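Residue-level structural notes
Below, each chain spelled out in residue letters.
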Amino acid sequence: MAVSVLFRHPSSLEHDTGAHPENARRIVAIERALSERDWLGWDVRESPAATRQEIERVHPPHHIDRIESLCRRGGGMIDMDTLVSEGSFEAALHGAGGAVAVVDALLDGGVRCAASLHRPPGHHAEPARAMGFCLFGNVAIGAAHAIEAHGLARVLIFDWDVHHGNGTAKIFHDRDDVLFCSIHQSPLYPGTGPASDVGSGAGEGFTVNLPVPGGSDDAVFLSHVEHVVRPLARQFAPDLVLLSAGYDAHAEDPLAGCRVTDDGFAGMAASMRATADELGVPLGLVLEGGYQLGALSRSVVASLEVLGAAGTPPVPEVALDPLAEQAQERLAAYWSTLA
Ligand SMILES: [Zn+2]
């Protein structure tokens, strides 16, 4: 088995957001921490730019054109939270391309684990709307690529960013080939992702929202992974697991109020690694948020260390949290394994 592969690209640093919390120092901090550890032995590669065709699997052409032309004019604000500079379009193309490259490495390259560490992040980007620091839905573009270019039948996306991945959710809301599970603080930006939203049409039951209150710690997050996400994954039996990995649920993060630690992220990574191993499928990680540079870089290192380690990591034992139990009860109507 080939070593794990990490995709990055210098264009991530050219998405100039000034004093914004989502800034280039995030990638600099992560890459410094990884390089100090010799990149954990991962094979580091430059991400290609995603093609129009790859991005158009989830975004209409006018959405791509609008971002491209705004960047060509030197940039500007898209909404209160989201801005672009001249270099942002290129950065966004490589961010999406990194997710596509992760999927290609996992499905063609015989690689067991791959990660895409880019900015801007992607999980808030809706089909026709950039928002929440996000321009293109990177992880969604990766999942769509796995299904349409590689012919996979089912993809599981687990989003542990502290904010609801409204963009990813919207893109796959009515589909049963992508199971989208999101654990997120509620109430919090963007205000979507209630427990009652389970998807629509053929996708009913394939959107799983796990809202948790501010103050939620490792035990709460790990309990949801162990007692909800893992059983769902076993029953869904995906061909690929993708993590939409934000690190802003960290106790030190300034943008939210959860209390996850470095070990908590490593624990979630271990659970998901073990799940993918059990199912005999590869696992990819796509970076989302995380705004406290020390916490972000330490937690990325901790997760990648677990994901890339040889063999299946031990899964943390965790009690059934009352909120995870409620999630089991409401989702049992769609997933017999939770009954
Ligand atoms: Zn976030």
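It should be noted that the structure appears before, not after, this text.
Below, the structure is looked at part by part.

Judged by nonpolar contacts, the single largest core of 62 residues is most densely connected at Trp160 and Leu304. Per-element tally for this core: the top contributor is helix H7 (residues 218-236), with 9 residues. Discounting chain neighbours no more than four positions away, the residues touching Leu304 are Leu6, Leu34, Leu40, Trp42, Ala115, Leu117 and Leu285. Grouped together as the second largest cluster of nonpolar side chains are 45 residues, Phe7, Ala92, Ala114 and Ala130 included.

Under the defined criterion, the tally for this structure stands at 20 salt bridges. The salt bridge involving Glu46 is made with Arg8; its shortest N-O contact spans 4.0 Å. Of this pair, Glu46 sits in strand E2 (residues 43-46) while Arg8 sits in strand E1 (residues 5-8), and the two are 38 residues apart along the sequence. Residue Glu46 is classed as exposed on the basis of its relative accessible area of 52%. Asp277 is the partner of Arg273 in a salt bridge, and the nearest nitrogen-oxygen pair spans 2.8 Å.

Turning our eyes to something else, we now look at the coordination of the zinc ion. Taken together, Asp161 (OD), Asp161 (OD), His163 (ND1) and Asp248 (OD) make up the protein donors of the zinc ion, found 2.0 to 2.7 Å from the metal. Relative to the metal, the 4 donor atoms surrounding the zinc ion lie at angles of 53 to 154 degrees, and the coordination shape comes out irregular. Donor residues for the zinc ion, ordered by position in the chain, follow D-x1-H-x84-D. Here His163 is found in the loop between strand E6 (155-159) and helix H6 (166-172), whereas its partner Asp248 is found in the loop between strand E9 (240-245) and helix H8 (262-279), with 85 residues between them in sequence. Side by side, His163 and Asp248 carry an identical accessibility label, which is buried.

Time to look at the environment of Met77. Examined against the element boundaries, Met77 turns out to sit in strand E3 (residues 75-77). Counting along the chain gives 60 residues from Met77 to Thr17, while the straight-line C-alpha distance between them is 9.9 Å. If we ignore the near neighbours within four places in the chain, the residues touching Met77 are Leu70, Thr82 and Leu83.

By the alternation rule, side chains of strand E5 (residues 113-116) split into Cys113 and Ala115 and Ala114 and Ser116, which are all buried. Relative to strand E10 (residues 283-287), E5 is paired through 4 bridges, and the arrangement is parallel. Bridged to Ala115 within E10 is Leu285.

It is worth spelling out the pairing of E10 at this point. Burial of E10 is extensive: 5 of the 5 residues sit out of reach of the surface. Here E10 shows two buried faces, one formed by Leu283, Leu285 and Leu287 and the other by Gly284 and Val286. Looking at chain direction, E9 and E10 are connected through 5 bridges and run parallel. Residue pairing across strands places Ser244 opposite Val286, the latter belonging to E10. Between E9 and its parallel partner E10, the chain crosses via H8, and the hand of that crossover is right-handed.

Definitions and cut-offs
Residues numbered from 1 in each chain as written. Predicted model: local features only at pLDDT ≥ 70, side-chain atom pairs only at ≥ 80, totals over all residues. Heavy atoms only, no water. Core = buried A, V, L, I, M, F, W, Y, C linked by side-chain atoms within 4.5 Å. Buried < 20%, exposed > 50% of the residue type's maximum accessible area, 1.4 Å probe, protein only. Helix = DSSP H or I, 4+ residues; strand = E, 2+ residues; numbered from the N terminus. Contact = heavy atoms within 4.5 Å. Salt bridge = Lys/Arg side-chain N within 4 Å of Asp/Glu carboxyl O. Donors = N, O, S within 2.8 Å, 3.2 Å for Na, K, Ca; no water. Tetrahedral: all angles 85-135°; square planar, octahedral: opposite > 155°, others 65-115°. Pairing = 2+ DSSP bridges. Right-handed = clockwise from strand over helix to strand, strands pointing away.

The values are spatial; any link to function lies outside them.
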